[in-house]
Amino acid sequence: MFEKLALVNVTPNAILTHAKVATKLGSTLKSTTAGADYILQGGSINGLTAHVSNQLDAKAGSPAKGRMIVGDFGELVIGEWGATEVLANPYAAGYYERGDIQLRILHTMDAVVRRPEAFVLVEDIAIA
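Residues numbered from 1 in each chain as written. Predicted model: local features only at pLDDT ≥ 70, side-chain atom pairs only at ≥ 80, totals over all residues. Heavy atoms only, no water.

> Explain the pattern of salt bridges to me, please; I cannot follow it from the model alone.
Any two side chains of opposite charge can pair, on the condition that their charged atoms come close. What the rule picks out here adds up to 6 salt bridges. For aspartate 57, the salt bridge identified is with arginine 67, shortest N-O distance 3.3 Å. Of the two residues, aspartate 57 sits in the loop between strand S3 (48-52) and strand S4 (65-71) while arginine 67 sits in strand S4, which places them 10 residues apart along the sequence. Judged by its relative accessible area of 41%, aspartate 57 falls in the partly exposed class. (Salt bridge = Lys/Arg side-chain N within 4 Å of Asp/Glu carboxyl O. Helix = DSSP H or I, 4+ residues; strand = E, 2+ residues; numbered from the N terminus. Buried < 20%, exposed > 50% of the residue type's maximum accessible area, 1.4 Å probe, protein only.)

> How should the packing of aromatic side chains be read in this particular structure?
In this structure the tally under the stated criterion is 1 aromatic pair. Measuring from ring centre to ring centre gives 5.1 Å for phenylalanine 73 and phenylalanine 119, while their planes differ by 80 degrees; the resulting arrangement is edge-to-face. Here phenylalanine 73, found in the loop between S4 and strand S5 (76-89), pairs with phenylalanine 119, found in strand S7 (residues 119-126); they are 46 residues apart in sequence, far enough to count as distant. In this structure phenylalanine 119 comes out as buried when scored by relative accessible area, which is 17%. (Phe/Tyr/Trp six-rings, centres within 6.5 Å; stacked < 30°, edge-to-face > 60°.)

> Can you walk me through the pairing of S3 in this structure?
Within a regular strand, the side chains alternate between the two sheet faces. Judged from the 3 bridges that link them, strand S1 (residues 14-17) and S3 form a sheet pairing that is parallel. In the sheet register, leucine 16 faces S3, and the bridge partner there is histidine 51. As judged from the 2 bridges shared by strand S2 (residues 44-45) and S3, these two strands associate in the antiparallel manner. Paired with isoleucine 45 across the strands is leucine 48, a residue of S3. Counted along the chain from S2 to the antiparallel partner S3, the turn is 2 residues long, and its residue asparagine 46 has a positive phi close to 55 degrees. (Pairing = 2+ DSSP bridges.)

> Looking at this structure, I do not really get helix H2 (residues 19-26). What am I missing?
Helical geometry: 3.6 residues make up each α-helical turn, so side chains three or four residues apart lie on a common side. Every buried residue of H2 is listed here: Val21, Ala22 and Leu25. The buried residues of H2 all sit within an arc of 100 degrees when viewed along its axis, so they share a single face. Exposed side chains of H2 directed beyond 90 degrees from the buried face belong to Lys20 and Thr23. Considering only its buried residues, H2 is in contact with S1, S2, S3, S4 and S7. (Arc of directions from axis to C-beta. Contact = heavy atoms within 4.5 Å.)

Set out below in structure tokens:
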């Protein structure tokens, strides 16, 4: 992963993965020699902060395989339109009878990757 990014002049700044992958990497030694560290230790892998999210789920199939994204997250552009809208509905069924108000909060935004080569997706991490 790191070599692939280095070949296209990308310096990764973070890692994103799922809890099952984090658990697996946190219990897997880097080498079999005595005193070896774990792949994921102290919340980092190879000096990069590893973020855990349920938004990056396991790959479908059997056996289960986990996913991880490594890259320069500065190459992820997030756009926002307008302002946050808060809509109150005091007459919604169920809420009104209890004296509550139903709130709907909307915020319009999107994300796009500026340089796709700035990210590496790993989809074959054994998590079973």
